[in-house]
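Chain by chain, the residues:
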Amino acid sequence: MPWTACVLTLFPEMFPGMLGHSLVGRGLEEGRWTLDTIQIRDFAQDKHNTVDDTPCGGGAGMVMRPDVVTGGLDEAAKRYPLAKKVFLTPRGRPLTQEKVHELAEAPGVILLCGRYEGIDQRVLDEHDDIEEISIGDYVLSGGESAATVLLDACVRLLPGVIGKEASHEDESFEAGLLEYPHYTRPRVWRGREVPEVLLSGHHEKILSWRKTQAQRITQERRPDLWERYCKEIKGSA
Ligand code: 9WO
């Protein structure tokens, strides 16, 4: 069985969307992963197919009803009993490359996408195997774009989806550094030259230049990553 993604959403027509293109889309066509969607509205309990209601305690907006959401979750778990369950929310733990590896190594994922102001807390209390994950500190209009980001990051790690070259590139990122600068032809463009060392053919010097650049950029832009990197260097020395 290939790796499976099951997306619970009020907007199944948003999928595969971007994930139907390029290498990840090719992987889908080739059966290296599968995508299933479940329309949450199909589990509405009344004749108007209501999925949301007003927040208890008052306030703006609407909240997704627990009976409806749980209907969708139970159906997803029945189809994919071994998949990891994730709710995309700005309240979740941050998505990291380490977490992406963990999800890509599981048999698959069930992604719950919220709309409105969120879902009734009791759904999350009832299903204690749902992990809340955030892709960053901003609010979106719904979980679908975050689910797309998470899936893109996971699927590109699956065997055969991306060539060997690119997966090697990750290793510098996974060592805890940001990417070094890239160059291609022409050698001079608008008076700007490709750094001499990259044209030298001296492989060791090139590696060391790239590492220095990656360190400089990390130090400048991401003091959090830099601190962790320095600690890990010390630890492994
Ligand atoms: C809306 C809102 C309005 C007033 C006060 C607080 C509020 N929080 C939210 C909110 O989090 N709405 C979410 C919209 C409900 C779940 C789906 N939505 C969502 C997911 N927005 N942003 C994300 C998301 C997911 C993963 N990583 C970053 C953002």
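Residues numbered from 1 in each chain as written. Predicted model: local features only at pLDDT ≥ 70, side-chain atom pairs only at ≥ 80, totals over all residues. Heavy atoms only, no water.

**As for the site of the ligand**
Neighbouring residues of the ligand: 17 residues in total, closest Pro90, Gly114, Ile135, Tyr138 and Leu140. Within the backbone of Ile135, a nitrogen or oxygen atom sits 2.8 Å from a nitrogen atom of the ligand. In this structure, a nitrogen atom belonging to the ligand sits 2.9 Å away from a main-chain N or O atom of Leu140. Burial of the ligand by the protein chains amounts to 74% of its free accessible area of 600 Å². Among the elements that take part in the shell around the ligand, strand E5 (residues 84-94) stands out by supplying three residues, more than any other. Within the shell around the ligand, the residues separate by chemical class into nine nonpolar, seven polar and one charged. (Near = heavy atom within 4 Å. Polar contact = N/O pair within 3.5 Å; in protein donor to acceptor, adjacent residues only side chain to side chain. Areas by Shrake-Rupley, 256 points an atom, 1.4 Å probe, with all protein chains shown as cover. Helix = DSSP H or I, 4+ residues; strand = E, 2+ residues; numbered from the N terminus. Nonpolar A, V, L, I, M, F, W, Y, C, P; charged D, E, K, R; others polar.)

**Re the environment of Leu198**
Tracing the chain through its elements places Leu198 in the loop between strand E9 (192-193) and helix H7 (203-221). Residues Leu198 and Thr9, 189 residues apart in the sequence, show an inter-C-alpha distance of 47 Å. Every residue in contact with Leu198, bar those within four places of it in the chain, is listed here: Tyr183, Ile206, Trp209 and Arg210. (Contact = heavy atoms within 4.5 Å.)

**Quick word on the pattern of salt bridges**
Within this structure, the stated rule accounts for 16 salt bridges. Put simply, Asp67 and Arg65 hold a salt bridge, and the shortest N to O gap is 2.6 Å. Arg91 is the salt-bridge partner of Glu132, the closest N and O atoms lying 3.2 Å from each other. With Glu132 in strand E7 (residues 130-134) and Arg91 in strand E5, this residue pair connects regions lying 41 residues apart in the sequence. Through salt bridges with shared partners, one network takes in Asp36, Glu75, Lys78 and Arg79. (Salt bridge = Lys/Arg side-chain N within 4 Å of Asp/Glu carboxyl O.)

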